[in-house]
Amino acid sequence: MSEALVLIERRGRVGLLTLNRPKALNALNDALMDELGAALLAFEADPDVGAMVITGSEKAFAAGADIGAMKDWSYADVYGSDFITRNWETLRRIRKPVIAAVAGYALGGGCELAMMCDILVAGDNARFGQPEIKLGIIPGAGGTQRLPRAVGKAKAMDLVLTGRLMDAAEAERSGLVSRVVSADKVLDEAIELATVIASMSLPSVMMAKEAVNRAYESPLSEGLLFERRQFHALFATEDQKEGMEAFMTKRTPQFKHR
Ligand code: HXC
């Protein structure tokens, strides 16, 4: 049997997914994306998982979509199959938090995959970029849309139009990543962060993610209304009673995730 392209593990309430095509720097082909999509949906459905981490190897998170697979495709092929809809959109539909633990290269589709995650933790050897322009194409999985929202128009244009790579320090300065740690610590850091998030009440975590994402999709007045309604809704949960009762009696809350 061929080796899995995505390794699936559980660390407490954290679901860990490791991209596993190290020789090709985790180039993202259909088979890998299908495995990743299926694994994400399985963790999404598992009540004992509160957050997920996606990682790669120490050399590459993912160096992009598989150029070897794409090189002979015609317009009819990519339009007809609606490349990249297949399983690339799965991550966008995941409602639990997903953290990208990025060491090494996160390029092209790899950078886009990382940007679809909710939080990026980077190793100090991380290199981000959208080098598609050097291949005669442009980003196709959200790079031209998510990068400007993360780092602003000027830097996004700089990266997308030249294809140059950005190191971890620049990525942190420009707001793409939330933390930078040494490359050998990036997975531990991401798992620790995911563990903290997974210890919170799952309904409030999911609503918080949904509300923050609304900030990118709606005018301020609509976003504020959405937040207010979610805020109100959380008063229907057992965990709101437990969280506030625990605070008042100076103990740690025991959330039941409902
Ligand atoms: C297929 C890839 C690959 C990719 C690396 N490899 N990236 N195979 N698709 N995207 C393969 C190489 O061919 C090589 O295979 C092996 O991985 C190691 O790579 P090297 O190039 O030998 O390593 P190195 O010299 O260290 O250079 C690392 C690198 C370079 C700078 C990351 O590999 C590189 O520039 N890769 C392409 C990055 C890129 O253009 N990404 C965007 C792709 S387009 P062999 O068999 O020779 O050992 C894209 C579009 C997205 O992502 C559209 C929406 C999904």
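That block above? That's the structure.
Residues numbered from 1 in each chain as written. Predicted model: local features only at pLDDT ≥ 70, side-chain atom pairs only at ≥ 80, totals over all residues. Heavy atoms only, no water.

Participant: I keep staring at the side chain of Glu-170 and nothing clicks. Help me out?
Facilitator: Mapped onto the secondary structure, Glu-170 falls in helix 9 (residues 168–173). At 2.7 Å, the side chain of Glu-170 and the side chain of Arg-164 are in polar contact. (Helix = DSSP H or I, 4+ residues; strand = E, 2+ residues; numbered from the N terminus. Polar contact = N/O pair within 3.5 Å; in protein donor to acceptor, adjacent residues only side chain to side chain.)

Participant: Could you clarify how one ought to interpret the packing of aromatic side chains in this entry?
Facilitator: To describe a pair of aromatic rings, you give the distance between the ring centres and the angle between the ring planes. Per the counting criterion, the structure on display carries three aromatic pairs. Measuring from centroid to centroid gives 5.0 Å for Trp-73 and Phe-83, while their planes differ by 75 degrees, and the two rings are edge-to-face. With a gap of ten residues between them, Trp-73 in the loop between helix 2 (67–70) and helix 3 (75–80) and Phe-83 in the loop between helix 3 and helix 4 (85–88) connect regions that are remote in the sequence. Taking 5.6 Å as the distance between ring centres and 15 degrees as the angle between the ring planes, the aromatic pair formed by Tyr-75 and Tyr-79 counts as stacked. Residue Tyr-75 and its partner Tyr-79 are located together in helix 3, separated by four residues, close to a single helical turn. (Phe/Tyr/Trp six-rings, centres within 6.5 Å; stacked < 30°, edge-to-face > 60°.)

Participant: How do you make sense of the packing of helix 11 (residues 202–214) against helix 12 (residues 220–233) when you look at a structure like this?
Facilitator: Angle between the axes and distance between the axes: these two values describe a pair of packed helices. Look at helix 11 against helix 12: their axes get within 10 Å of each other, and the N-to-C directions meet at 170 degrees. Relative to helix 12, the element helix 11 lies roughly antiparallel. Facing Met-207, Glu-210, Ala-211 and Arg-214 of helix 11, the residues of helix 12 in contact are Phe-226, Gln-230 and Ala-233. Of the residues belonging to the contact of helix 11 with helix 12, the class tally is four nonpolar, one polar and two charged. (Axes fitted to C-alpha atoms, helices over the stretch in contact; angles between N-to-C directions. Parallel < 35°, antiparallel > 145°, perpendicular 65-115°, else oblique. Contact = heavy atoms within 4.5 Å. Nonpolar A, V, L, I, M, F, W, Y, C, P; charged D, E, K, R; others polar.)

Participant: Before we go on, may I ask you to explain the pattern of salt bridges in this structure?
Facilitator: Between side chains of opposite charge, pairing is possible as soon as their charged atoms come close. Applying the stated criterion across every chain, the model contains 13 salt bridges. A salt bridge links Arg-21 to Asp-66; the nearest nitrogen and oxygen atoms lie 2.8 Å apart. Here Arg-21, found in the loop between strand 2 (14–19) and helix 1 (30–45), pairs with Asp-66, found in the loop between strand 4 (60–62) and helix 2; they are 45 residues apart in sequence, far enough to count as distant. Note that Glu-170 and Arg-164 form a salt bridge whose closest N and O atoms lie 2.7 Å from each other. Take Glu-170: its relative accessible area is 10%, and that puts it in the buried class. Residue Arg-164 is classed as partly exposed on the basis of its relative accessible area of 27%. In this structure, a network of salt bridges that share partners links the residues Lys-155, Asp-158, Arg-164 and Glu-170. (Salt bridge = Lys/Arg side-chain N within 4 Å of Asp/Glu carboxyl O. Buried < 20%, exposed > 50% of the residue type's maximum accessible area, 1.4 Å probe, protein only.)

Participant: Teacher, can you tell me more about a nonpolar patch on the surface here?
Facilitator: On the surface, a cluster of nonpolar side chains totalling about 380 Å² of accessible area is made up of Ile-133, Ile-138, Met-157 and Leu-161. Relative to the elements of secondary structure, Met-157 occurs in helix 8 (residues 153–162). Met-157 sits in the partly exposed class, given a relative accessible area of 41%. (Patch = residues over 30% accessible without salt bridge, like charges linked within 9 Å, V, L, I, M, F, W, Y side chains within 5 Å. Areas by Shrake-Rupley, 256 points an atom, 1.4 Å probe, with all protein chains shown as cover.)

Participant: I tried to follow the nonpolar core on my own but got confused; where do I start?
Facilitator: Nonpolar side chains in soluble globular proteins tend to be buried together. Residues Leu-19, Leu-36, Ile-54, Phe-61, Leu-113, Phe-128 and Leu-176 are the most contacted members of the largest nonpolar core, which totals 45 residues. Top element by residues in this core is helix 1. It accounts for six residues. Ignoring anything within four residues of it in the chain, the contact list for Phe-128 reads Val-102, Ala-106, Leu-107, Cys-111, Leu-120, Ala-122, Arg-164, Leu-165, Met-166, Ala-171, Leu-176 and Val-177. Counting residues in each nonpolar core, the second largest holds 17 residues, with Ile-99, Ala-190, Leu-193 and Ala-198 among its members. (Core = buried A, V, L, I, M, F, W, Y, C linked by side-chain atoms within 4.5 Å.)

Participant: Looking at this model, I keep getting lost on the sheet that holds strand 8 (residues 127–129). Mind explaining?
Facilitator: Within a sheet, each strand pairs with its neighbour through backbone hydrogen bonds, oriented either parallel or antiparallel. Reading across from one edge, 4-6-8-9 is the order of the four strands in this open sheet, with mixed pairing throughout. Looking at strand neighbours, the two that pair on one side only are strand 4 and strand 9 (166–167), the edges of this open sheet. Note: strand 6 (residues 105–107) against strand 8, three bridges, orientation parallel. Note on strand 8: the bridge partner recorded for Tyr-105 is Arg-127. Seen against the sheet, helix 6 (residues 109–116) touches strand 4, strand 6 and strand 8 and runs at an angle of roughly 95 degrees to strand 6. (Pairing = 2+ DSSP bridges.)

Participant: Could you clarify how one ought to interpret the site of the ligand in this entry?
Facilitator: Close to the ligand lie 23 residues; Lys-59, Ala-63, Ala-65, Ile-67 and Gly-109 are nearest. Between the ligand and Ala-65 there is a distance of 2.8 Å, counted from an oxygen atom to a backbone nitrogen or oxygen. Taking Gly-109, its main chain carries an N or O atom lying 2.8 Å from an oxygen atom of the ligand. Relative to its unbound accessible area of 1,000 Å², the ligand is 62% covered by the protein chains. Of all elements in the fold, only helix 2, strand 6 and helix 6 reach the threshold of two or more residues within the shell around the ligand. Classifying every residue of the shell around the ligand gives 14 nonpolar, four polar and five charged. (Near = heavy atom within 4 Å.)

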